[in-house]
Amino acid sequence: MADTTDDTAALVPVFRHRLPREATAAVLLLHGGRADAHGPPPSPNLPGLRMRPFAAALLRDTFDDDVLVAHVRYRHRGWNGPNAHPVTDAQQALKELRALTGPVPVVLIGHSMGGRAALRAAADPQVKGVVVLAPWCPAGEPTAQLHGRTVIALHDEADRVTAAADTWAYLTRAQSAGARVLGIGMPRGGHSMIRDARRWHRITADATRAVLEHSTLVSGGSWTGTPLPGRDFPGGAPR
């Protein structure tokens, strides 16, 4: 499998020592941003840095060397209305992934704006599921592209930036569209996911594994609108 060092690429693999020679699956992480901002993400990019511990948890606790973990690089800091710029970047990253590994099953992990982008980008046939963290799910956001996918959402009810109620409503619409969905109410963390961060990292890693391994954790029609308490989720208990 070819290496990639292009600093303009949308796909930015997390390098440990080398890329997996024969990747059997991939996980792409999409960070948050702003509703409107046409400039590039700043340096340092704090929303991007926030996703690094999630990548580390995936590599350390969950996967073998044959799963490629990568970040999606944004050209613009914001969503920017109908442009939906991070969706275009995610689609480009998936295209680059196919060129790098061939067709492999993919899980998208997105925080806030990145969660909204991941849900949109799930239309790609490689995407088997999406794990969203305190996602931005406005009313009217489409769900048809999630048919046959698994969607797991983590949200703290105390989040003051994006509303957990909007996330649970989105899951209900997604289930009606044919997705397998699960909502997890996080006990702490707000929008930044800093408080109780290790719980967020662990549950995200476990949820991602559940998607890739076709776990029965999420079954069709199981969502009733009430999130599972994060303390009760497998992997959610402190270690």
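Our subject is the structure that appears above.
Quick notes on the rules
Residues numbered from 1 in each chain as written. Predicted model: local features only at pLDDT ≥ 70, side-chain atom pairs only at ≥ 80, totals over all residues. Heavy atoms only, no water. Pairing = 2+ DSSP bridges. Helix = DSSP H or I, 4+ residues; strand = E, 2+ residues; numbered from the N terminus. Buried < 20%, exposed > 50% of the residue type's maximum accessible area, 1.4 Å probe, protein only. Contact = heavy atoms within 4.5 Å. Phe/Tyr/Trp six-rings, centres within 6.5 Å; stacked < 30°, edge-to-face > 60°. Salt bridge = Lys/Arg side-chain N within 4 Å of Asp/Glu carboxyl O. Axes fitted to C-alpha atoms, helices over the stretch in contact; angles between N-to-C directions. Parallel < 35°, antiparallel > 145°, perpendicular 65-115°, else oblique. Left-handed = near helix turned anticlockwise from the far one by under 90°. Nonpolar A, V, L, I, M, F, W, Y, C, P; charged D, E, K, R; others polar. 1 Å grid on protein atoms, 1.4 Å probe; cavity = no way out; pocket = protein on both sides within 12 Å on 5 of 7 lines; lining within 4 Å. Points joined across faces, edges and corners; volume = space filled by probe spheres on them. Core = buried A, V, L, I, M, F, W, Y, C linked by side-chain atoms within 4.5 Å.

**Q** What is the right way to look at the sheet that holds strand β7 (residues 180-186) in this model?
**A** Through backbone hydrogen bonds, the strands of a sheet pair up, either in parallel or in antiparallel fashion. In spatial order, the strands read β1-β3-β2-β4-β5-β6-β7-β8; together these eight strands make up an open sheet with mixed pairing. The two strands at the open ends of the sheet, each matched to only one other strand, are β1 (11-13) and β8 (228-229).

**Q** I tried to follow the environment of Arg173 on my own but got confused; where do I start?
**A** Within the secondary structure, Arg173 sits in helix α5 (residues 164-176). Judged by relative accessible area, which is 29%, Arg173 ranks as partly exposed. For Arg173 and Thr143, which are 30 residues apart along the polypeptide, the C-alpha to C-alpha distance reads 6.7 Å. Among residues more than four places away in sequence, those in contact with Arg173 are Pro138, Gly140, Glu141 and Thr143.

**Q** Help me out: how do you make sense of the packing of aromatic side chains in this one?
**A** To describe a pair of aromatic rings, you give the distance between the ring centres and the angle between the ring planes. By the definition in use, this model includes two aromatic pairs. Here Trp79 and Trp136 contribute two aromatic rings whose centre-to-centre distance is 5.8 Å and whose plane-to-plane angle is 70°, an arrangement assigned as edge-to-face. Of this pair, Trp79 sits in the loop between β3 (67-72) and α3 (85-101) while Trp136 is found in the loop between β5 (127-133) and β6 (150-156), placing the two residues 57 residues apart along the sequence. Its relative accessible area of 3% is what places Trp79 among the buried residues.

**Q** Help me out: how do you make sense of the side chain of Gln145 in this one?
**A** If you trace the backbone, Gln145 turns up in the loop between β5 and β6. Using a relative accessible area of 15% as the deciding quantity, one classes Gln145 as buried.

**Q** So what exactly am I meant to see when it comes to the pattern of salt bridges here?
**A** Two side chains of opposite charge can pair, provided their charged atoms sit close to one another. Going through the model one piece at a time under the given rule, you end up with seven salt bridges. Here Arg188 makes a salt bridge to Asp196, at a shortest N to O gap of 3.2 Å. Judged by its relative accessible area of 23%, Asp196 is partly exposed. The network of salt bridges with shared partners includes Arg116, Arg120 and Glu141.

**Q** How should the packing of α3 against helix α4 (residues 113-121) be read in this particular structure?
**A** Geometry of a packed helix pair, given as the angle between the helix axes and the separation of the axes. Contact geometry for α3 and α4: axes closest at 9 Å, N-to-C directions at 55°. Considering their axes alone, α3 and α4 lie oblique with respect to each other. In this structure, the crossing between α3 and α4 has a hand that is right-handed. Counting all contacts with α3, which are made through Pro86, Val87, Ala90 and Leu94, the residues of α4 involved are Met113, Ala117, Arg120 and Ala121. Across the contact of α3 with α4, the residue classes tally to seven nonpolar, no polar and one charged.

**Q** It is not clear to me how the layout of surface pockets should be interpreted in this structure. Could you clarify?
**A** With a probe scaled to a water molecule rolled over the atoms, the places where space remains empty come into view. Considered as a void within the structure, the largest pocket measures approximately 390 Å³ in volume. Residue lining of the largest pocket: 17 residues in total, with His31, Asn45, Gly48, Leu49 and Arg52 positioned closest to the centre. Those elements that provide at least two residues to the lining of the largest pocket are β1, α1 (46-50) and β3. Looking at the lining of the largest pocket residue by residue, the classes come out as ten nonpolar, five polar and two charged.

**Q** Any chance you could explain the environment of Ala90 here in plain terms?
**A** Within the secondary structure, Ala90 sits in helix α3. A C-alpha to C-alpha distance of 8.1 Å links Ala90 and Arg73, two positions 17 residues apart in sequence. With sequence-adjacent residues up to four places away left out, Ala90 is seen in contact with Leu30, Val72 and Ala121.

**Q** Just to check I follow, could you spell out the nonpolar core for this structure?
**A** A general tendency of soluble globular proteins is for nonpolar side chains to be buried together. Of all hydrophobic cores here, the largest spans 42 residues; its most connected members are Leu28, Leu30, Val106, Leu108, Leu119, Val130 and Leu146. Where this core is concerned, the elements lending two or more residues are β2 (25-30), β3, α3, β4 (106-111), α4, β5, β6 and α5. The leading source of residues in this core is α3, at six residues. Counting residues in hydrophobic clusters, the runner-up holds 28 residues, among them Leu29, Ile109, Leu154 and Met193.

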